Amino acid sequence: MTGTASGATGLAGEWLRGPRPRRRPRLRLVCFPHAGGSARFFYPWLRELPTGIELLAVQYPGRDDRLDEPLPDRMDQLADPLAEAVSEVADVPLVLFGHSMGASVAFEVARRLADRSPGPVRHLFVSARPAPFSAAQAPAPPRDDDTLVRELARLGGTDSALFDDPEIRAALLPAIRGDYRLIEAYRYRAGPPLSCATTAVVGSQDPEVPRRLAEGWQAATTGTFALRVMQGGHFYLTERRAELVAYLLTALGMRTGHRGDAASTP
């Protein structure tokens, strides 16, 4: 059953989905989906996560149970309320993971949380996204639907057969196109670097994010930085979910024994 973190209400209840709330989590892993993605994209991660970590997945407007809500036009329309929502569940340490567009959103949320009070974010993971101050800009979204569907098939991560159904196609494409427009318009605004540990993860055959652009994230923090290259393309994490989650746990200083158990490393 899908709910919010430990019965959270307010903005946390509006923006965050907790498929399996934990009574006393040691930390919360907040995941930010890619363009067109929904909170459900991260639910399979529950199979790999120990009981000490509560998974919260961001639900952007314009999809699933927020289908009738207007799509945001600007990054601040996402990052501002999301920072408030995430702050409501910051009674335990937070780890943020964002994939593709979600990496930029997670970064902006981390910046806003740092402005409020230092320390709520223990680690930021940014996946399949160039550094925000990179000269590389997001490409303009394809103008027609057929071209957009072909672009999604090229990147992977979305079952292209879904778009064969006219009703599903009509339901999915507006959110995807809106997210593309938002990330195309996003521009980094100069400010203090983060202080939390930051890890960039990229697929070895990602056509959108070569390693050199992912390395630029090092300048985003004064904390420790790591770059992890995993086999695969832009959506390497769908095929390498278990490997990725195991890496995240290692980076966080946690180890797993039996599934569902967790302990700190010695």
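From a predicted model like this one, the values you see are computed outputs, not experimental measurements.

A. Structural context of the overall build of the protein chain. Within the protein chain, the secondary structure is distributed over 8 helices and 9 strands. The buried share of the protein chain, reckoned over its 266 residues, is 52%. Of the roughly 12,300 Å² of accessible surface on the protein chain, a fraction of 49% belongs to carbon and sulfur atoms.

B. Representation of the pattern of salt bridges. Scanning the model with the defined rule gives 15 salt bridges in all. Linking arginine 40 and aspartate 64 is a salt bridge whose minimum nitrogen-to-oxygen distance equals 2.6 Å. Taken together, the positions of arginine 40 in the loop between strand S2 (27-32) and strand S3 (53-58) and aspartate 64 in the loop between S3 and helix H2 (75-87) put the pair 24 residues apart, joining distant regions of the chain. Between glutamate 84 and arginine 116 there is a salt bridge, with the nearest N and O atoms lying 2.7 Å from each other. You can see glutamate 84 sitting in helix H2 and its partner arginine 116 sitting in helix H3 (residues 101-116), a full 32 residues away along the chain. The exposure class assigned to arginine 116 is partly exposed, which follows from its relative accessible area of 46%. A network of salt bridges, in which partner residues are shared, links Asp80, Glu108, Arg111 and Arg112.

C. Representation of the nonpolar core within the structure. Leu16, Val30, Phe32, Leu82, Leu96, Val105 and Val109 are the most contacted members of the largest nonpolar core, which has 48 residues in total. The next biggest cluster of nonpolar side chains, apart from the first, holds 28 residues, and it includes Cys31, Tyr43, Val201 and Tyr236.

D. Broad picture of the sheet that holds strand S1 (residues 16-17). Strand order in the open sheet formed by 7 strands is S1-S3-S2-S4-S5-S6-S7, with mixed pairing between adjacent strands. Single-partner strands in this sheet number two, and they are S1 and strand S7 (225-230). Sheet topology places strand S6 (residues 197-203) next to S7; 6 bridges connect them, and they run parallel. Its bridge partner being in S7, threonine 198 is matched across the sheet by phenylalanine 225. In the packing of H3 onto the sheet, contacts are made with S2, strand S4 (94-99) and strand S5 (121-127), and the angle to S4 comes to roughly 150°.

E. A look at the pairing of S4. Within S4, 6 of the 6 residues are buried, which leaves the element mostly enclosed by the surrounding structure. Note: S2 against S4, 5 bridges, orientation parallel. The partner of arginine 28 across the bridge, within S4, is leucine 94. Once you follow S4 into H3 and on to S5, the crossover reads as right-handed.

F. Region of interest: the environment of arginine 63. Along the chain, the position of arginine 63 falls in the loop between S3 and H2. Residue class for arginine 63 comes out buried when judged on its relative accessible area of 5%. Between the C-alpha atoms of arginine 63 and alanine 39, which are 24 residues apart in sequence, the distance is 9.4 Å. Among the polar contacts made by the side chain of arginine 63, one reaches the side chain of aspartate 179 at a distance of 2.7 Å.

G. View of H3. Between its first and last C-alpha atoms H3 spans 23 Å; for 16 residues at 1.5 Å apiece the expected length is 22 Å, and the two agree. Counting buried positions along H3 yields 12 of 16 residues, so the element is predominantly enclosed. Buried residues of H3: Met101, Gly102, Ala103, Ser104, Val105, Ala106, Phe107, Glu108, Val109, Ala110, Arg111 and Leu113, and no others. On its buried side, H3 packs onto S2, H2, S4, S5 and helix H5 (166-185).

About the criteria used
- Every chain's residues receive numbers from 1 upward, in the order its sequence appears when written.
- Where totals are concerned, whole chains, interfaces and linings use all residues; where local detail is concerned, this predicted model gives features only for residues with pLDDT of at least 70, and gives and counts side-chain atom pairs only at 80 or more.
- Just so you know, side-chain values use all the structure's heavy atoms and leave hydrogens and water out.
- We count a stretch as a helix when DSSP gives it H or I for four or more residues in a row; a strand needs E for two or more, and each element gets its number in order from the N terminus.
- Whether a residue is buried, partly exposed or exposed follows from its accessible area with a 1.4 Å probe, protein chains only, as a fraction of its type maximum: under 20%, in between, or over 50%, in that order.
- Accessibility throughout is a Shrake-Rupley quantity obtained with a 1.4 Å probe, and a residue counts as covered only by protein chains that appear here.
- Every case where a carboxyl oxygen of Asp or Glu lies within 4 Å of a side-chain nitrogen of Lys or Arg is listed as a salt bridge.
- Here, the term nonpolar core denotes a set of buried Ala, Val, Leu, Ile, Met, Phe, Trp, Tyr and Cys residues that are joined through side-chain atoms within 4.5 Å.
- Strands qualify as paired when DSSP identifies two bridges or more between them.
- Residues count as neighbours in contact if any of their non-hydrogen atoms are within 4.5 Å of one another.
- An axis is simply a line fitted to the C-alpha atoms; with a helix, the fit covers only the stretch in contact. Between two such axes, the angle follows the N-to-C directions and lies from 0 to 180 degrees.
- The crossover handedness rule: strands pointing away from the viewer, path from first strand over the helix to second strand clockwise, crossover right-handed.
- Under this definition, polar contacts are N or O atom pairs within 3.5 Å; protein pairs additionally need one hydrogen-donor-capable and one acceptor-capable atom, and for neighbouring residues in sequence, both atoms have to be side-chain atoms.
- What a helix should span is 1.5 Å times the count of its residues minus one.

The analysis is restricted to geometry; functional conclusions fall outside its scope.
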